[in-house]
Amino acid sequence: MITLGQAMDGRLILGTNRPFPANVKYVEYYREQRLFSLVFDNEEEETALMPGELTPQNAAIVQASPNIMIIALAEPGTKPYGYMVPLIQIGV
């Protein structure tokens, strides 16, 4: 499961309870469709389009953010880890 949230300081957080196939290099946000696409460090991995479009209220928060914190599990039974990546916004 992948969840989008906002920290107390306003930063966007993308969390998952499953490990990604590789670290996320950056996140693309398609403004017109209000969808995210994850681009991984490992070029052999395909990008992952997140299902479900954001509400207009959440889209406004995303459009004001230059980056996003990724919080993921390395492996089941281990502590989650996090890192910041650029949020590249595509569209008008």
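Up top you'll find the structure we're talking about.
Basis of the calculations
- Residues numbered from 1 in each chain as written.
- Predicted model: local features only at pLDDT ≥ 70, side-chain atom pairs only at ≥ 80, totals over all residues.
- Heavy atoms only, no water.
- Helix = DSSP H or I, 4+ residues; strand = E, 2+ residues; numbered from the N terminus.
- Rg over C-alpha atoms; globule rule 2.2 N^0.38 Å.
- Buried < 20%, exposed > 50% of the residue type's maximum accessible area, 1.4 Å probe, protein only.
- Contact = heavy atoms within 4.5 Å.
- Areas by Shrake-Rupley, 256 points an atom, 1.4 Å probe, with all protein chains shown as cover.
- Lys, Arg positive; Asp, Glu negative; His and termini not counted.
- Charge placed at Lys NZ, Arg CZ, Asp CG, Glu CD.
- Patch = residues over 30% accessible without salt bridge, like charges linked within 9 Å, V, L, I, M, F, W, Y side chains within 5 Å.
- Salt bridge = Lys/Arg side-chain N within 4 Å of Asp/Glu carboxyl O.
- Pairing = 2+ DSSP bridges.
- Phe/Tyr/Trp six-rings, centres within 6.5 Å; stacked < 30°, edge-to-face > 60°.

Caption draft 1: Broad picture of the overall build of the protein chain. In terms of regular secondary structure, the protein chain is built from one helix and seven strands. For the protein chain, the C-alpha radius of gyration of 13 Å lies close to 12 Å, the compact-globule estimate for 92 residues. Over its C-alpha atoms, taken along the principal directions, the protein chain stretches across nearly 40 × 35 × 20 Å. Buried residues in the protein chain amount to 30% of all 92 residues. Sequence separation of at least 24 residues holds for 44% of the intrachain contacts in the protein chain that already meet a minimum separation of 6. With the model as given, the accessible surface of the protein chain reaches about 5800 Å², and the carbon-plus-sulfur share is 54%. Side-chain charges in the protein chain split into 6 positive and 10 negative, and the spacing between the mean points of these groups amounts to 10 Å.

Caption draft 2: A look at the side chain of Thr16. Take Thr16: it is sitting in strand β2 (residues 12–16). Those residues in contact with Thr16 that sit more than four places away from it in its chain are Met1, Ile2, Ile71, Ala72 and Leu73.

Caption draft 3: Spatial organisation of a negative patch on the surface. A cluster of acidic residues, Glu43, Glu44, Glu45 and Glu46, forms a negative patch at the surface. For Glu45, the position within the fold is in the loop between β4 (35–40) and β5 (48–49). Here Glu45 falls in the partly exposed class, since its relative accessible area comes to 31%.

Caption draft 4: Molecular detail of the sheet that holds strand β3 (residues 24–30). Taking strand neighbours across the sheet as the criterion, the seven strands line up as β1-β2-β6-β7-β3-β4-β5 in an open arrangement whose pairing is mixed. Of all strands in the sheet, those bounded by a partner on one side alone are β1 (2–6) and β5. Across seven bridges, strand β6 (residues 67–73) lies against strand β7 (residues 80–90) in antiparallel orientation. From the neighbouring strand, Ala72 faces β7, where its bridge partner is Tyr81.

Caption draft 5: Focus on the packing of aromatic side chains. Within this structure, the stated rule accounts for three aromatic pairs. Measuring from ring centre to ring centre gives 5.1 Å for Tyr29 and Phe36, while their planes differ by 50 degrees; the resulting arrangement is tilted. With centroids separated by 5.8 Å and ring planes inclined at 20 degrees, the aromatic side chains of Tyr81 and Tyr83 adopt a geometry described as stacked. Classification of Tyr81 by relative accessible area gives partly exposed; the value is 28%.

Caption draft 6: Spotlight on unusual backbone geometry. Here Arg34, not a glycine, exhibits a phi torsion of approximately 55 degrees, which is positive. In this fold, Arg34 is placed in the loop between β3 and β4.

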